[in-house]
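A structural walkthrough
Residues per chain, in single letters:
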Amino acid sequence: MKNNQPPFETTTLWDFPTQNYGDKPHGDNKYRGVTPALVIWNLLQRYTKEGDLVVDPMCGSGTTIDVAKELRRKVIGYDISPVRPDIIQNDARKIPLDDKSVDMVFIDSPYGDNIKYSNHPNCIGKIPCEDERFYRELEKVVEESYRILKHSKISGWVISDMWRQKKFTPVGFKLYKILCKYFETVDVICLTRHHQTSHTKEWKERAKRYNFYLRGFKYLFIMRKPENI
Ligand SMILES: C[S@@+](CC[C@H](N)C(=O)[O-])C[C@H]1O[C@@H](n2cnc3c(N)ncnc32)[C@H](O)[C@@H]1O
């Protein structure tokens, strides 16, 4: 970090070796599936201004809330299973906000059922990404994020593909196809994955021996709700 100012990304490859930046926590780096805070910092710098309303319908450990507050944006964070008092309990498939009332939506959704986030029966992270129902439920979240966004405003969505039991599932492409039904594409960012449980010597050996690849990146889809013409 130069002059205590986080790096403003200028390419489509973002590589943040640590989850946090600065000297205050942003979210909880012990939360499984936590988003690197600089992903949200970069999106807010580019696509919002002070006083804008940012919404994260699946905000996990609250990274979006912490970054947005620090940058003087208004923010609402929901989750099906809140872990902090400032996170509102809500299902992302029905967001209690008016149409066209929000300046930016950020979502880092489950990628399938690879992580256990909570015991809540309505957690989308209980549905395997190999099951088409996973995409039907994510589409309900896409529809809601589209509905609450003002025209010309941005939705940022992080997701990853899956490879397990000898089968590759292009989770990112499948979600991207859904997003394109509603939004225009601004750009697609590749986020380097760090600190994965699979990034061990044993897993690297297995990847070589059984001829498969460990996941090295996630997608960040930057989508815009079209202008109202
Ligand atoms: C990848 S985590 C989000 C991480 C978060 N951005 C952070 O930095 O901590 C995905 C979140 O989606 C939440 N979730 C799953 N199903 C949901 C639903 N139906 N409605 C709202 N949140 C849901 C999970 O509880 C989990 O916290």
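Details of the structure are given in the entry above.
Just so you know, these numbers come straight off a predicted model, no measurement behind them.

Of all residues adjacent to the ligand, which total 23 residues, the nearest are Tyr31, Thr35, Ser61, Thr63 and Asp79. Contacts to the ligand include isoleucine 124, whose backbone N or O atom sits 2.9 Å from a nitrogen atom. Computed on the free molecule, the ligand has an accessible area of 600 Å², of which 100% lies beneath the protein chains in the complex. Of the pockets mapped on this structure, the ligand occupies the largest cavity. Looking at the shell around the ligand residue by residue, the class counts come to eleven nonpolar, eight polar and four charged.

The calculated volume of the largest pocket comes to roughly 1000 Å³. Around the largest pocket, the lining is made up of 41 residues, and of these Arg193, His195, Gln196, Thr197 and Ser198 lie nearest the centre. When contributions to the lining of the largest pocket are tallied by element, the ones reaching two or more residues are β7 (162-164), β9 (184-192) and α5 (201-209). Among the elements that make up the lining of the largest pocket, the one with the highest residue count is β7 (three residues). Its residues assigned to classes, the lining of the largest pocket comprises 17 nonpolar, 15 polar and nine charged.

Conventions used here
Residues numbered from 1 in each chain as written. Predicted model: local features only at pLDDT ≥ 70, side-chain atom pairs only at ≥ 80, totals over all residues. Heavy atoms only, no water. Near = heavy atom within 4 Å. Polar contact = N/O pair within 3.5 Å; in protein donor to acceptor, adjacent residues only side chain to side chain. Areas by Shrake-Rupley, 256 points an atom, 1.4 Å probe, with all protein chains shown as cover. 1 Å grid on protein atoms, 1.4 Å probe; cavity = no way out; pocket = protein on both sides within 12 Å on 5 of 7 lines; lining within 4 Å. Sits in = over half its atoms within 2 Å of the grid points. Nonpolar A, V, L, I, M, F, W, Y, C, P; charged D, E, K, R; others polar. Points joined across faces, edges and corners; volume = space filled by probe spheres on them. Helix = DSSP H or I, 4+ residues; strand = E, 2+ residues; numbered from the N terminus.

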